Structures are given as structure tokens and as C-alpha cells.
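These are the residues of each chain, in order.
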Protein chains: 2
Amino acid sequence: MGVMMRENRSGTTRPPDCLGVGGPRSEGTRRTILDAARGLFAARGYEQTTIRAVAAEADIDASLVMRYFGSKADLFAAAATIDLNAPDLASVPPRRRGEALVRHFMASWDRDPSEDMLVFLLRTAVTNDAVAEQMQATFNRMIVGPLTQLGYTDPERRAALIGSQLMGVALCRHILRLEPLAALSNDEVVAGVAPTIQRYLTAPTPALAQPA
Amino acid sequence: MGVMMRENRSGTTRPPDCLGVGGPRSEGTRRTILDAARGLFAARGYEQTTIRAVAAEADIDASLVMRYFGSKADLFAAAATIDLNAPDLASVPPRRRGEALVRHFMASWDRDPSEDMLVFLLRTAVTNDAVAEQMQATFNRMIVGPLTQLGYTDPERRAALIGSQLMGVALCRHILRLEPLAALSNDEVVAGVAPTIQRYLTAPTPALAQPA
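Residues numbered from 1 in each chain as written. Chains lettered and ligands numbered in written order. Predicted model: local features only at pLDDT ≥ 70, side-chain atom pairs only at ≥ 80, totals over all residues.

Draft legend 1. Summary view of the overall build of chain A. Scanning chain A for helices and strands turns up 10 helices and 2 strands. Mapped from its N terminus to its C terminus, chain A presents α and β elements in the order β-β-α-α-α-α-α-α-α-α-α-α. Taken over 212 residues, chain A has a buried fraction of 37%. For chain A, restricting intrachain contacts to residue pairs at least 6 apart in sequence, the fraction spanning at least 24 positions comes to 59%. (Helix = DSSP H or I, 4+ residues; strand = E, 2+ residues; numbered from the N terminus. Buried ≥ 20, exposed ≤ 12 C-beta atoms within 10 Å, placed from the backbone. Contact = placed C-beta atoms within 7 Å.)

Right, here's the structure in full:
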């Protein structure tokens, strides 16, 4: 989210270095620090990762990491901030929205940085409540929000079921790399999964809530 | 799997201590070591976990850990061995098999040790190929095998889609604890998810493979 937009609101074309709180900063340095932090948090977990180690990995001074992020907790929060656009379902015919949701998330995961982000999030979320909360917030913004705006009944339960299927695909395909799922084309995954998502969108709520 | 059955094949009712390779062993000690190992592997990852640390956590001597398991790699393999029964689908009417699969896995995860096991597996599988391979083998045994025996067409693809939905439920409900999924009753989850699994079992293969 806001990460990319927090500097240079004047609209002028400044050089990448500009004044932030506490001294000059650059978006490039910020990203270098965040990349290093994600790698270390994912490999070692939150507790075992130090500002000093992140600075060494990013090849900069530890005081600079502090100037950019203030604390290890804030650095972690920034590293765990997910920069994905919510899907635009309003412009999609209702009967195609299941497919649109699957395609939106698969396209997001296909980009390399997002795959790293998925690994980072799942590695850390398992033991870190802050990351789990961050994922809940992202999930609410990406799925519950759009369904609520479009007037779906019981959007939380529909979104939870949709999220379980999409996260399962991400986990099995990109992280565990289970076959044959990892080898399928995106179109094949969409063909298999889109009707599931469509049903979670459209089935009457009682059918999603009561034992068969 | 074999874990529980590797000793005392004579069928006699021996006391828990019995002779294995390299000296006396007990199932209780073995389990204590495995529990300690899962906790440490999950918290620190494979590389950062030592036999010495596992022994300290289990409150026994490191040489005893070596006598039971031989090496860190073998200890890890034993810790990652999943002790679940494959679902018995042959005795279930075909139209109820989706529901039976969901109930089988949900019941397995509900037991406390299995929840710890899930956390351990997902924490370590993300960075450890041996665990990912173990999960692939388990997945083949638990889902692909039964579908193949029952004569389903393209059992690998059906199983992959089924696995993605079931693993997604496990991840969101037991590990990330995303709401509202974590708060739903088992029956509510079954009501929502069983028709998905049923469709992955019964939809004609072209409908699972070709873009809509």
C-alpha cells in the first residue's frame, strides 16, 4: 500500500534523494533495506533478526536503517506491508467474477517480488501475530471490501472461503511446489478453480453455512 | 505411517523398553525427542537446530538422541513423517465422498499434535526441500492413491485441486487463524467446502483443464 507514495507529494520531479524526517532518504535505499529485511526475517524469524544484520545484508550503516524505519518493529511492519491492488470486480459481469478473482491473484503472485513476499509472509506469519494481523487486514481489503461494496450477502463468509481456496493455490503452487499443481499453466488453474470461487460468490448463504 | 510400528514386531506384550539397534529404547523417549525436535525445527529452521539443542529441550543426553535417530537428517525425516490414515473412500457412496474427504482431514487437524505438526511442516517446508518432498509423498498417499484405486480419471489433477482447497483451509484456519474462518464450526466449514471437493472429484476432466 502507501509505501510507494510516501515521499515527493509536491508532484515536482525531484531527484531520488529528498528530505524526510531525520535527514535525506532515497526510495532505492529504502527498498534495499526492505529486501534485506524480508530475506532475513523469512530465514531467521523475527526474534533472531537484528537491525545490525539487516544493515550488513543491505551493505549500509545500522544508523541509516534506524533513520529510515525507527525500530525493528516498524521495519518489520513495513516489510510485511503488501503492495497489491484490490481487484476491480464492479466492471466485471457477475458470472465472470470468480474467474476474474482467480486471474487477479495469480497474476500478482507470478511476479517475482510477490513470490518472495508470499514466502516471507507465510514463513513469519506462522509464528508472528503482527504478520497474521497484517494478512487479515490485507484479506479484508482485497476480498471482503469489494464483496461488501457490491452488495453480496454475508461477504465475510464468502470471502473466507474464497481466501482459503486462493491461499491454498498459492501455498501448494508457489511455496510447497506440489505436483502436478506447480506444473499447470495459469489457464489450467483458472479452469479448475474459477467455478469454485464463482460458487463461493453466488451460492445462497444457507448452502454455505449448513451441513449438507 | 511406520513410526509407531517399528519396534516389537514379535506381538508379545513387552514392557515399553525393548532392544533396538544400538541399545535399549522406549517409545516414550522417542516421542519426547520427536516433540522437542519439531518445536525447535519449526522455531529455528533446519540449519539452526542442533542435536545438542534438541537433547537439552528433551532433557536427555545428546548421545541418546544419536542412538535413537543416528543423525540430524534422520531425526528431521522422522519428525516430518506424517502419521495420518488415508481416508477410506471405497465405503462411502460416490456423491458423499467430497464431504467424507473434508471431514477426514478436519478431524485429523483438530487433534492437538496434528496442529503442531501442521505448523512444523509449513514452517520448514517453505525452505526445506526434504520437507516439501515429504509433503508431496504424503499428498500422493492420502489423496492420489485412493482416487487412483477407485478409478477416477486424471486422479493427479483432481487430487491437486482437492489438496489446494484442503491445505488452504488448514493454513487459514489453523495457522494464520484468519477470521471468520477460524471461528466457524467444523460443520460450517464442511457445508462450505464439501461441494467444492465433490466437484473436483466428479467434474469431467476437460472442465477441470480448459479455460472457461
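Draft legend 2. View of the interface of chain B and chain A. Counting residues at the interface gives 44 residues for chain B, matched by 44 residues for chain A. Among the elements that line the side of chain B that touches chain A, the one with the most residues is helix 8 (residues 155-175) of chain B, at 13 residues. Its residues assigned to classes, the side of chain B that touches chain A shows 27 nonpolar, 8 polar and 9 charged. (Nonpolar A, V, L, I, M, F, W, Y, C, P; charged D, E, K, R; others polar.)

Draft legend 3. Layout of the packing of helix 1 (residues 27-44) of chain A against helix 2 (residues 51-58) of chain A. Residues and elements named next belong to chain A. Look at helix 1 against helix 2: their axes get within 9 Å of each other, and the N-to-C directions meet at 120 degrees. Classified by the angle their axes make, helix 1 and helix 2 are oblique. Crossing of helix 1 against helix 2: the hand is right-handed. On helix 2, the residues touching T32, I33, A36, A37, G39 and L40 of helix 1 are A53, V54, E57 and A58. (Axes fitted to C-alpha atoms, helices over the stretch in contact; angles between N-to-C directions. Parallel < 35°, antiparallel > 145°, perpendicular 65-115°, else oblique. Left-handed = near helix turned anticlockwise from the far one by under 90°.)

Draft legend 4. Expanded view of the environment of A:R25. In this fold, A:R25 is placed in strand 2 (residues 23-26). Sequence separation of A:R25 and A:T202 is 177 residues, and the distance between their C-alpha atoms is 48 Å.

Draft legend 5. Quick peek at helix 4 (residues 72-79) of chain A. Residue and element names in this part refer to chain A. Buried residues of helix 4: L75, F76 and A79, and no others. Each buried residue of helix 4 lies within a common arc of 100 degrees when the element is viewed along its axis, so the set occupies one face. Exposed residues lying more than 90 degrees from the buried face of helix 4 are A73 and D74. Those residues of helix 4 hidden inside the fold are in contact with helix 1, helix 2, helix 3 (62-69) and helix 7 (129-149). (Arc of directions from axis to C-beta.)

Draft legend 6. Highlighting the nonpolar core. Formed by 112 residues in total, the largest nonpolar core has its most connected members in A:A37, A:L121, A:L171, B:A37, B:L121 and B:L171. Filtering out sequence-adjacent residues up to four positions away, A:L171 remains in contact with A:L122, A:L176, B:M167, B:G168 and B:L171. (Core = buried A, V, L, I, M, F, W, Y, C linked by C-beta atoms within 7 Å.)

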